[in-house]
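# Examining the three-dimensional arrangement
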Amino acid sequence: NSEPKKEDLQRIIDLMDGFRASKALFTASKMCVFDLLQSRPGLDAAQVAQEIKASVKGTECLLEACASLGLLKSKERTCQKPAYENADLATCFLPTDAPFSLRGYIQHCNESVWPLFSHLESAVREGANQREKAFGKTSKDMFQDTFYDSQEVKLRFMNAMHSIAKATGKSVATAFDLSSFKTACDLGGCTGALAYEFTKAHPGLSVTVFDLPTVVEMSEQFHPLRADNRVSFVAGDFFKDELPKADLYILARVLHDWSDENVQILLSKIADACTPGCGLLLSEIFLDEDRSGPSRGLLQALSMSEGKQRSATEYSLLLKSRGFITAHVRHTENLLDAMLCIKV
Ligand code: SAM
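A short tour of the structure in this document, coming up. (Residues numbered from 1 in each chain as written. Predicted model: local features only at pLDDT ≥ 70, side-chain atom pairs only at ≥ 80, totals over all residues. Heavy atoms only, no water.)

## Some words on the overall build of the protein
- What the protein contains, in helices and strands, is 15 helices and 9 strands.
- Relative to a compact globule of 344 residues, whose C-alpha radius of gyration would be 20 Å, the protein shows 22 Å and is just as compact.
- Taken along its principal axes, the extent of the C-alpha atoms in the protein is 75 × 60 × 40 Å.
- Taking all 344 residues of the protein together, the buried fraction comes to 47%.
- In the protein, of all internal contacts separated by at least 6 residues, the share reaching a separation of at least 24 is 63%.
- About 17,600 Å² of surface is accessible on the protein, with carbon and sulfur atoms providing 54% of the total.
- Where the 39 positive side-chain charges of the protein centre and where its 45 negative ones centre are 2 Å apart. (Helix = DSSP H or I, 4+ residues; strand = E, 2+ residues; numbered from the N terminus. Rg over C-alpha atoms; globule rule 2.2 N^0.38 Å. Buried < 20%, exposed > 50% of the residue type's maximum accessible area, 1.4 Å probe, protein only. Contact = heavy atoms within 4.5 Å. Areas by Shrake-Rupley, 256 points an atom, 1.4 Å probe, with all protein chains shown as cover. Lys, Arg positive; Asp, Glu negative; His and termini not counted. Charge placed at Lys NZ, Arg CZ, Asp CG, Glu CD.)

Here it is in structure tokens:
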């Protein structure tokens, strides 16, 4: 029995410690540590503790842990406690108003995904989502029954979608030449963050965001200036209501939430609204064809409800059965991949 390799030992330790690192990041983000140090760099632990209304001892531990993870920089000072500031990584992604802030998504992971993962064993044993154990709710439709039944949870979910859409939107919007399309409809377009990226990237394109009424009524909070009159909002249920007419339909992070049967219902409604030549742009994490990765997608599947993660080929086959042929697939090197299909 030879000694384990050093790098193997390190890798397994990193995996075991991953949850501690995640929770330290989530907690520092929730307690506004990165916002505070962005506006007032150079505070020591006692000053941070006072501002975030926490114990000095606990704050010291949290700041040291965040510094060890590369999120904070600490400056040693003679005869004084170390002073902290955000490291570049934190400056880029963690303050609330950073252009690529992921704080909304981090809060969602902390409040909505973490509780589900703490019931992972039951989820695996039962092959069912654990919303009831985690949140006291059985849900037929997780959006209408779980995410949107309180204003607080709804806003948190919308913030999460908004932050990811802002971080990935440009890569998705510029993945293909869309110059032949004049009107698009972003189905399940949530806050409209992606729609704004599409109009920025394509000066000739107008985008209608279609989402549930409870979402559309809050969308203005995310774009108080209504910066672009080529983005408009329509409220409705994409399983039941008539879809707005468009040359290009966008489905970003929507299909993975639904079973094949529900995907077929939605795709057939889109197919009915399309004339030949219309486009459908799909954006999701595409699993490797042998389902060996990426682990980001496979780990996400562990807490999903009725949906599933699929490969580009699986999506193409679902779309083909509704008369769409896959024209291009792009692995964007951002968080989401993209596929452009054309209705024949
Ligand atoms: N497309 C957005 C993005 O990529 O950031 C949001 C993705 S989010 C996972 C799914 C979206 O689908 C939510 O905004 C949700 O409100 C919307 N949605 C869920 N069920 C819907 C329905 N029946 N009709 C219309 N929109 C729905």
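## Some words on the sheet that holds strand S4 (residues 206-211)
- The strand order S5-S4-S3-S6-S7-S9-S8 describes an open sheet built from 7 strands, whose pairing is mixed. Sheet topology places strand S5 (231-235) and strand S8 (324-330) at the edges, where each strand pairs with a single neighbour. If you compare each strand with its neighbour and ignore which way they point, the axes differ by 20 degrees on average.
- Sheet analysis places strand S3 (residues 183-187) next to strand S6 (residues 248-252), joined by 4 bridges and oriented parallel. Considered in S6, the bridge of Leu-187 is made with Leu-251.
- Along the sheet face, helix H15 (residues 312-320) touches strand S7 (279-284), S8 and strand S9 (337-343) and points at about 20 degrees away from the line of S9. (Pairing = 2+ DSSP bridges. Axes fitted to C-alpha atoms, helices over the stretch in contact; angles between N-to-C directions.)

## Notes on the pairing of S7
- Of all the 6 residues making up S7, 6 are buried; the element is thus mostly covered by neighbouring parts of the structure.
- In S7, alternate side chains face the same way, and those of Gly-279, Leu-281 and Ser-283 on one face and Leu-280, Leu-282 and Glu-284 on the other are all buried.
- Across 5 bridges, S6 lies against S7 in parallel orientation. Of the residues in S7, the one forming a bridge with Leu-248 is Gly-279.
- With helix H13 (residues 260-273) bridging S6 and the parallel S7, this β-α-β connection has right-handed handedness.
- Judged from the 6 bridges that link them, S7 and S9 form a sheet pairing that is antiparallel. Across the sheet, the residue bridging to Leu-281 is Leu-340, located in S9. (Right-handed = clockwise from strand over helix to strand, strands pointing away.)

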